[in-house]
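The primary structure of each chain is shown beneath.
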There are 2 protein chains.
Amino acid sequence: MANIQQVAQKAGVSVATVSRVLNNHATVTPKTRLKVEQAINELNYEPSMLGRNLRNSESRLLLVLIPSISNPFYTEIIDGIEDTAIKNNYNILLCDTDSNPQRENIYFNLVKNKLADGIISMDPAVDMQKLIDLAEHHPIIQCSEYDENSCIPYVTIDNELAAYHAVKHLIKLGHEKIALINSDEKFLYARQRRQGYERALSEFNLPINKEWIYNTTQLEFEFGQQAMKKLLQSDEKPSAVFAVSDTLAIGALKEINSHGLLVPDDISVVGFDKISFSSMTNPTLTTVSQPMYRMGCTAASMLIDSIQGNKVESIVLNHELVIRESTMG
Amino acid sequence: MANIQQVAQKAGVSVATVSRVLNNHATVTPKTRLKVEQAINELNYEPSMLGRNLRNSESRLLLVLIPSISNPFYTEIIDGIEDTAIKNNYNILLCDTDSNPQRENIYFNLVKNKLADGIISMDPAVDMQKLIDLAEHHPIIQCSEYDENSCIPYVTIDNELAAYHAVKHLIKLGHEKIALINSDEKFLYARQRRQGYERALSEFNLPINKEWIYNTTQLEFEFGQQAMKKLLQSDEKPSAVFAVSDTLAIGALKEINSHGLLVPDDISVVGFDKISFSSMTNPTLTTVSQPMYRMGCTAASMLIDSIQGNKVESIVLNHELVIRESTMG
DNA sequence: CTGAAAGCGCTAACAA
DNA sequence: TTGTTAGCGCTTTCAG
């Protein structure tokens, strides 16, 4: 692989001139430019980012931390991030942390080591203290999941309100026995959605029944099935279920089905996220839709702003309840 | 952010000594080591990968090219790649190419520019010529999708045989009118699976009916629905469908359902990939399972081998037909 | 408009 | 055992 020296030599100019051509500095004669470009082509030369970054101390690479690429929820957000990044001449690198602090560390180092210019974190299980420390010296944005006390800017929806809307929808339908399949409440969004659930119930004077609240350790389908199985064993079966993620809701749907019960006739189900699967189930799933693409765009814009030294403010986007067959009794 | 100079100064040693401490060279007195470590801590120093890589010309970073993170098929493969990489002291970076040559280019440059040591490509739509050119100077492995004529080592399953098995299973069940929902036959796997489909039919003297072969442009659910809709309009409705991906099969399932038909009573369905959602559908989906995790491990091992200058051979792994409700008539 | 040279942060010969 | 120094590939002043 040729380097800038060889190009300069071949073109009969100095490395400085080659660099100028590479960076489109206007102060180069068309004639010299041509010579240099020819040399570049002949040698199949590609400038080294390493040298360039070392010099400029910027990489124009953004890191995106996701807990697991298997969660379809992140797909659209990432599209948004990617499109915005590219528009601004940045590129993104996806980092699957697997919610594993060790892997996380690796990616944090990429930033510390100037191999990336900033981070968008979407991992709810991220080591917050580390993220905060990192944020002191490096641009970081939290997307979707965040720590309210951290000073790290975030973009999110109002989870409490969204859950409130979902549950209120069920109540309006006449349901009084509404179960909650929540994830681990160590996550902020889980705590917020539970609050929304409880607020809706309280507002309509419905009691909060502990038996109808189930916390899963993970978000995969099977955990939704397991949760539903438990709920169906409770003394008084719920007539509706609100799950904090579509994957859990789909698992619940499956479990209800396999007990010979019908959705929504016997039990109504509401999910959260509007992943693409949610319209492939039978019945299709009522769900809370987050503006994921826009969320990604916003997060990327904020990060780039922050890299360029501007102060950025956290943003709360709007959600929307998408009513489909699973609550159309 | 402190640099090695400042650490050396603070510790009262030379930069070389600091470097030795960083790289665990045994030839440092415990006393000096301690001094250096203290200085490192006090200054909150983190070595710059940029400087280090520029010097060593290695980054210990592997690039993984995927066409789209929304395809669940890749999830497990990536787990395998990741685990193997980490075991060998490498890290991986996911690159979502969106099957977009421009994005592809960016990631190719990362390798050319020494920001990554090698690539595992899983993008069927990759620009093969570019990949081949790149492979001349850089370690590259093809995973799952590959070009048979390219000399770039690959790991895959026998797609022709897998399709043959799937269709034979349907034939053994008594089906004689078997449709194929295939993706774009510009992809090698699509051509191979079609061959397997045709071989099974021929072997049992069943005619190949053009009306029962449908090619989609993409793999999302909706394309499966659309395909199925067309197939249901054909003069003679097929009694079974083999789709080359679970996502397509699930779309087909949905479409069959919405026509008031039952799977498998009216139409049997077989998919391909065994994505996690395929056990959540109603009925659950019969599908061809690839050893995805092992595939990922193998690809990563091959790439690391290749980086270390060894010759590596292509590998074909075994598949397995997983029989579930959608073909249990 | 172009060239010479310094320096980004690091490692590894070579010297001491 | 430690220090000195060259150099990885590039950009950017400063001179010319």
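- In the nomenclature of an unreviewed UniProt entry, chain A is known as Substrate-binding domain-containing protein of Salinibacillus xinjiangensis.

**What about the protein's contact with DNA strand C?**
Then, in step 1: Surrounding DNA strand C, one finds 27 residues, the nearest of these being Arg20, Thr29 and Thr32 of chain A together with Ile4 and Tyr45 of chain B.
Then, in step 2: Among atoms of DNA strand C positioned within 4 Å of the protein, sugar and phosphate together represent 64%.
Then, in step 3: Asn3 of chain B places a side-chain nitrogen or oxygen 3.1 Å from a phosphate oxygen of DNA strand C.
Then, in step 4: The contact in question runs from a phosphate oxygen of DNA strand C to an N or O atom on the side chain of Ser19 of chain B, over 2.8 Å.
Then, in step 5: Those elements that provide at least two residues to the surface near DNA strand C are α2 (15–22) and α4 (49–56) of chain A together with α2 (15–22) and α4 (49–56) of chain B.
Then, in step 6: With five residues, α4 of chain B is the single largest residue contributor to the surface near DNA strand C.

**Quick word on helix α12 (residues 292–307) of chain A**
All names here are of chain A.
Then, in step 1: Across its 16 residues, α12 extends 22 Å between first and last C-alpha, which sits within 8% of the 22 Å expected from 1.5 Å per residue.
Then, in step 2: Looking only at α12, the buried set comprises Met292, Met295, Gly296, Cys297, Thr298, Ala299, Ala300, Met302, Leu303, Ile304 and Ser306.
Then, in step 3: Those residues of α12 hidden inside the fold are in contact with β1 (61–66), α5 (73–87), β3 (118–121), β4 (140–143), β5 (154–157) and β11 (315–317).

**A closer look at the pairing of strand β5 (residues 154–157) of chain B**
Residue and element names in this part refer to chain B.
Then, in step 1: Side chains Tyr154 and Thr156 of β5 all project onto a buried face; the interleaved residues Val155 and Ile157 project onto the opposite face, where all are buried too.
Then, in step 2: Sheet topology note: the strand β4 (residues 140–143)/β5 ladder contains two bridges and is parallel. When the sheet's bridge partners are listed, Cys143 is paired in β5 with Val155.
Then, in step 3: Here β5 runs beside strand β11 (residues 315–317); their pairing, made up of three bridges, is parallel. Counterpart to Ile157 in the pairing with β11 is Leu317.

**Notes on the UniProt feature "domain: HTH cro/C1-type" (unreviewed entry) in chain A**
Then, in step 1: Residues annotated in UniProt with the feature "domain: HTH cro/C1-type" (unreviewed entry) correspond here to residues 5–50 of chain A.
Then, in step 2: Within the segment residues 5–50 of chain A, helix and strand shares are 67% and 0% respectively, and the terminal C-alpha atoms sit 15 Å apart.

**Here we look at the relation of the copies chain A and chain B**
Then, in step 1: Between chain A and chain B, the superposition needs a rotation of 179 degrees and an axial shift of 0.1 Å, giving an RMSD of 0.2 Å. The two molecules are tied by a two-fold rotation axis, judged by turn and shift. Ranked by how close their C-alpha atoms come to the rotation axis, the residues of chain A are headed by Leu94 of chain A, at 2.4 Å.

**Focus: the domain arrangement of chain A**
Then, in step 1: When cut into domains, chain A gives domain 1 (4–47), domain 2 (61–156 + 292–317) and domain 3 (159–291 + 322–327).
Then, in step 2: Placing the centre of domain 1 of chain A and that of domain 2 of chain A at their C-alpha centroids yields a distance of 37 Å.

**Considerations on the packing of aromatic side chains**
Then, in step 1: Using the criterion set out here, one finds 13 aromatic pairs over all chains in the structure.
Then, in step 2: When the centroid spacing of 6.2 Å and the interplanar angle of 55 degrees are considered together, the rings of Phe221 of chain A and Phe277 of chain A count as tilted. With Phe221 of chain A in helix α10 (residues 221–232) and Phe277 of chain A in the loop between β9 (268–272) and β10 (286–289), this residue pair connects regions lying 56 residues apart in the sequence.
Then, in step 3: Classification of Phe221 of chain A by relative accessible area gives buried; the value is 5%.
Then, in step 4: Grouped by ring-pair contacts, the aromatic residues Phe221 and Phe277 of chain A together with Phe221 and Phe277 of chain B constitute a single cluster.
Then, in step 5: Note that Arg193 of chain A overlies the ring of Phe272 of chain A, its terminal NZ or CZ placed 3.6 Å from the centroid.
Then, in step 6: Here Arg60 of chain B stacks its cationic end above the ring of Tyr90 of chain B, 4.2 Å away from the centre of that ring.

Analysis parameters
- Residues numbered from 1 in each chain as written.
- Chains lettered and ligands numbered in written order.
- Predicted model: local features only at pLDDT ≥ 70, side-chain atom pairs only at ≥ 80, totals over all residues.
- Heavy atoms only, no water.
- Near = heavy atom within 4 Å.
- Polar contact = N/O pair within 3.5 Å; in protein donor to acceptor, adjacent residues only side chain to side chain.
- Helix = DSSP H or I, 4+ residues; strand = E, 2+ residues; numbered from the N terminus.
- Expected span 1.5 Å × (residues − 1).
- Buried < 20%, exposed > 50% of the residue type's maximum accessible area, 1.4 Å probe, protein only.
- Contact = heavy atoms within 4.5 Å.
- Pairing = 2+ DSSP bridges.
- UniProt positions renumbered as here; feature names shortened; annotations may be inferred.
- Least-squares fit on C-alpha atoms with pLDDT ≥ 70 in both.
- Domains from an automatic or database assignment.
- Phe/Tyr/Trp six-rings, centres within 6.5 Å; stacked < 30°, edge-to-face > 60°.
- Lys NZ or Arg CZ within 6 Å of the ring centre and 35° of its normal.

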